[in-house]
Amino acid sequence: MIADETLYDQLGDAAQLFTFPQPGSSTVGADAKWAYKVRFAAKTGLARALYAELKEWAFWSKCPLCHHRPVGTLDHYLPQASFPTLALTPLNLVPVCRDCNWVKQNFVAATESEQPLHPYYDDFAAAGDWLEADLVEESGAPLVFRVDPLDVWTAVEEQRVRNHFRDLELNDLYAANAGAEVQAIRARLSDLLDAGGPAAVAEHLLAEAESRSADLTDAWRPAAYRAWGANDWFCSGGFDE
Ligand SMILES: [Zn+2]
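Residues numbered from 1 in each chain as written. Predicted model: local features only at pLDDT ≥ 70, side-chain atom pairs only at ≥ 80, totals over all residues. Heavy atoms only, no water.

Draft legend 1. The domain arrangement of the protein, seen in detail. Under the domain assignment, the protein is made up of domain 1 (2–109) and domain 2 (131–240). If you average the C-alpha positions of domain 1 and of domain 2, the two centres end up 33 Å apart. Every contact between the two is made by 12 residues of domain 1 and, on the other side, 14 residues of domain 2. Of the roughly 1,000 Å² buried where domain 1 meets domain 2, counting both sides, 56% is carbon and sulfur surface. Summed over the shared surface of domain 1 and domain 2, the result is zero salt bridges. For the pair domain 1 and domain 2, the number of links is four residue pairs in polar contact (both at pLDDT 80 or more). Residues belonging to the side of domain 1 that touches domain 2 are distributed by class as follows: eight nonpolar, two polar and two charged. (Domains from an automatic or database assignment. Contact = heavy atoms within 4.5 Å. Buried area = accessible area lost by both parts, 1.4 Å probe. Salt bridge = Lys/Arg side-chain N within 4 Å of Asp/Glu carboxyl O. Polar contact = N/O pair within 3.5 Å; in protein donor to acceptor, adjacent residues only side chain to side chain. Nonpolar A, V, L, I, M, F, W, Y, C, P; charged D, E, K, R; others polar.)

Here you go:
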């Protein structure tokens, strides 16, 4: 298990975890899976405190995959069904929300570009914000979120982020929340429009976008506020339609 963990870390650093060899059945693997289920993840398990500690590795207890929902479980990045000797490897246990965990299931990537993003090894946002939103000028001012690839990404990295965005259905999640946010800020925007016109509304929204981008666990709000602040129709009262 220690040798497997060392190899895992090397492959993780190189973004090559899809090459991790799938072991045959072994006593060690069966024991590790048993220990995970009975001793580690079970509420009454002797090592439950370690399980709880790993769950706290996520900032603000927010899921590092969708950057929105609360952490609810640990995900085996390489699933224990195929990689039982990694069942207890901390680097392979990622705190995520239950929805994102359900989407991943027991998926095993066959190629580099199929690999899901790994929060401990992949930081594709380090060079900038890749999430953008386009506003639809109609009732409710809905937003459509999309991946805006960064220049520094390789083709494989871009594919991985696009898969991530599509498979976790992040547009649906973010668009629904953005719709509710418009309802919540509508009265404030109306006051700003009355007092200072569309320019005051735009200035407020763009300042909010800048400020909210400091919260790295909140993916959609900076993109939403940027899209709203840049749209003349929205700032001229479209938010109230
Ligand atoms: Zn999630």
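Draft legend 2. Focus on empty space enclosed by the protein. Applying the stated rule across the entire model yields two cavities of 30 Å³ or more. Computed from the structure, the largest cavity encloses a volume of approximately 50 Å³. As for the largest cavity, its lining consists of Leu11, Gly12, Ala15, Gln16, Leu17, Tyr77, Gln115, His118, Tyr121, Asp122 and Arg160. Taken together, the residues of the lining of the largest cavity sort by class into five nonpolar, four polar and two charged. In this structure, the second largest cavity occupies an estimated 30 Å³ of space. Here the residues of the lining of the second largest cavity are counted per class, giving six nonpolar, no polar and two charged. (1 Å grid on protein atoms, 1.4 Å probe; cavity = no way out; pocket = protein on both sides within 12 Å on 5 of 7 lines; lining within 4 Å. Points joined across faces, edges and corners; volume = space filled by probe spheres on them.)

Draft legend 3. Main features of the packing of aromatic side chains. Taken as a whole, this structure holds 11 aromatic pairs when the rule is applied. Centre to centre, the rings of Trp228 and Phe234 are 5.6 Å apart; their planes meet at 10 degrees, and the pair counts as stacked. In this structure Phe234 comes out as buried when scored by relative accessible area, which is 0%. Of the aromatic side chains, those joined through ring pairs into one cluster are Tyr8, Phe20, Phe83 and Tyr121. (Phe/Tyr/Trp six-rings, centres within 6.5 Å; stacked < 30°, edge-to-face > 60°. Buried < 20%, exposed > 50% of the residue type's maximum accessible area, 1.4 Å probe, protein only.)

Draft legend 4. How the structure looks around the coordination of the zinc ion. Coordination sphere of the zinc ion, protein contribution only: Cys63 (SG), Cys66 (SG), Cys97 (SG) and Cys100 (SG), at 2.3 to 2.4 Å. For the zinc ion, the four donor atoms are set out with angles of 99 to 115 degrees between them, so the coordination reads as tetrahedral. As a motif over one chain, the donors of the zinc ion read C-x2-C-x30-C-x2-C. Here the residue Cys63 occupies a position in the loop between helix H3 (48–55) and strand S1 (73–76), and Cys100 occupies one in helix H4 (residues 98–104), the gap between them amounting to 37 residues. Look at Cys100 and you get buried, because its relative accessible area is 1%. (Donors = N, O, S within 2.8 Å, 3.2 Å for Na, K, Ca; no water. Tetrahedral: all angles 85-135°; square planar, octahedral: opposite > 155°, others 65-115°. Helix = DSSP H or I, 4+ residues; strand = E, 2+ residues; numbered from the N terminus.)

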